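For reference, the chains in residue letters:
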Amino acid sequence: MFRTTVVVAASLAALACIVVSGQDPAQGWLGYAALTAPGHTRITYIEAKWVVPQNPKVGGAFFSPWFGIESSDNLNLIQPVNPWSGNGWSIYNEYFQWKPVHNINSNSHKVNAGDVVYGNITYVAASNLYRMVHSSLKDNWSVQTDIPIQKDDKGDYKNFTIVYFVMEKEWKCAQYPPNNEVTFYDIRVDYDGQTVANPTVKTAFVDDVCNCRAKQLNGTAIQITWQS
């Protein structure tokens, strides 16, 4: 979401993104978890739910919890996002490509703190694309976005092998949700058409902000916490 450098003007409506050469994990990522399954070729399905966090007590920030899948070269990211945009929450689908730089955002939908949201990403072999769906389980709103798979420099189609669960964008601690956590649950990850019960999980951070950290709770849940 919002790859690399973001310049924030006087209002959030005037966001300007300046993208420089790079790859993920990118500057702006706080605590995150990365899931992989060595020996498997391609992610064929992933799904997760989470509860929209509480509204920050101090407004004006622009950040998001999200999950997504990425190509093995860390240059193509498919992600259902859930941003707080200064004064409210929303959900939409996003695709970011580092080379050449390309970004797609779907239609967005307003959600509220406490709502349960759901996302899934499915590999459609017949069309060689990923189909991303983001939904509000409160009102059954849903959006679907198809993302064709990019070829690499050798002309071969890329493989998506990495799953990320991320809290993204640096702000003052008081501008993050006061419940201090988001938990992704009912996580299912399939590689090569089979559910992987125990994928390899690595937790880390890029920007060390407000002690934001990710941890695996169990085989189907990952939590990201911070100190607001």
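Parameters and conventions
- Residues numbered from 1 in each chain as written.
- Predicted model: local features only at pLDDT ≥ 70, side-chain atom pairs only at ≥ 80, totals over all residues.
- Heavy atoms only, no water.
- Helix = DSSP H or I, 4+ residues; strand = E, 2+ residues; numbered from the N terminus.
- Rg over C-alpha atoms; globule rule 2.2 N^0.38 Å.
- Buried < 20%, exposed > 50% of the residue type's maximum accessible area, 1.4 Å probe, protein only.
- Contact = heavy atoms within 4.5 Å.
- Areas by Shrake-Rupley, 256 points an atom, 1.4 Å probe, with all protein chains shown as cover.
- Phe/Tyr/Trp six-rings, centres within 6.5 Å; stacked < 30°, edge-to-face > 60°.
- Lys NZ or Arg CZ within 6 Å of the ring centre and 35° of its normal.
- Salt bridge = Lys/Arg side-chain N within 4 Å of Asp/Glu carboxyl O.
- pLDDT = per-residue confidence, 0-100.
- Pairing = 2+ DSSP bridges.
- Polar contact = N/O pair within 3.5 Å; in protein donor to acceptor, adjacent residues only side chain to side chain.

Looking only at helices and strands, the protein chain has zero helices and 19 strands in total. Computed over C-alpha atoms, the radius of gyration of the protein chain comes to 16 Å, within 12% of the 17 Å expected from 2.2 N^0.38 for 228 residues, which places it in the range of a compact globule. Taken over the C-alpha atoms alone, the protein chain extends approximately 45 × 35 × 35 Å along its principal axes. For the protein chain, the proportion of its 228 residues judged to be buried stands at 51%. Contacts in the protein chain between residues far apart in sequence, at least 24 positions, make up 68% of those at least 6 positions apart. For the protein chain, the accessible surface area stands at approximately 9900 Å², while carbon and sulfur atoms represent 48% of it.

The tally for this structure, following the rule as stated, stands at 14 aromatic pairs. Centre to centre, the rings of Trp 29 and Trp 66 are 5.3 Å apart; their planes meet at 80 degrees, and the pair counts as edge-to-face. In this pair, Trp 29 is assigned in strand β3 (residues 29–36) and Trp 66 in strand β5 (residues 62–71), connecting sequence segments 37 residues apart. The exposure class of Trp 29 is buried, given its relative accessible area of 0%. Overall, the relative accessible area of 0% leaves Trp 66 in the buried class. Between Trp 50 and Phe 67 the ring centres are 5.9 Å apart and the planes differ by 90 degrees, which places this aromatic pair in the edge-to-face class. One end of the pair, Trp 50, is in strand β4 (residues 43–51); the other, Phe 67, is in strand β5, and 17 residues separate them in sequence. Judged by relative accessible area, Trp 50 falls into the buried class, the value being 0%. Across from the ring centre of Phe 205, 3.9 Å away, lies the NZ or CZ of Arg 213, which sits over that ring.

Attention shifts here to the pattern of salt bridges. In the structure shown here, the tally under the stated rule is eight salt bridges. Among the salt bridges present, the one from Lys 49 reaches Asp 186, with a minimum N-O distance of 3.3 Å. Separated by 137 residues along the polypeptide, Lys 49 in strand β4 and Asp 186 in strand β15 (residues 181–191) bring together distant segments of the chain. Judged by relative accessible area, Lys 49 falls into the partly exposed class, the value being 25%. Close ionic contact of Arg 213 with Asp 208 constitutes a salt bridge, the shortest N to O distance being 3.0 Å. Using a relative accessible area of 26% as the deciding quantity, one classes Arg 213 as partly exposed.

Any residue range with low pLDDT should be treated as having predicted coordinates unsuitable for detailed reading. Confidence along the protein chain averages 91 in pLDDT terms, with 91% of residues attaining 70 or more. Here residues 3–20 scores under 50 on pLDDT; set against residues more than four positions off or in separate chains, the count is 39 contacts.

Right, let's get into the pairing of strand β14 (residues 160–168). For β14, the tally of buried residues reaches nine of nine residues, placing the bulk of the element in the interior. Bridge count between β3 and β14: five bridges; the pairing is antiparallel. Within the sheet, the bridge partner assigned to Leu 35 lies in β14 and is Val 163. Strand direction decides the pairing type here: β5 and β14, joined by eight bridges, are antiparallel. Along β14, the bridge assignment pairs Ser 71 with Phe 160.

The next point concerns the side chain of Ser 106. Here Ser 106 lies in the loop between β9 (102–105) and β10 (109–111). In this structure the side chain of Ser 106 is engaged in a polar contact, spanning 2.8 Å, whose partner is the backbone nitrogen of Asn 93. Not counting the four nearest positions on each side in its chain, Ser 106 is found in contact with Tyr 92, Asn 93, Val 143 and Thr 145.

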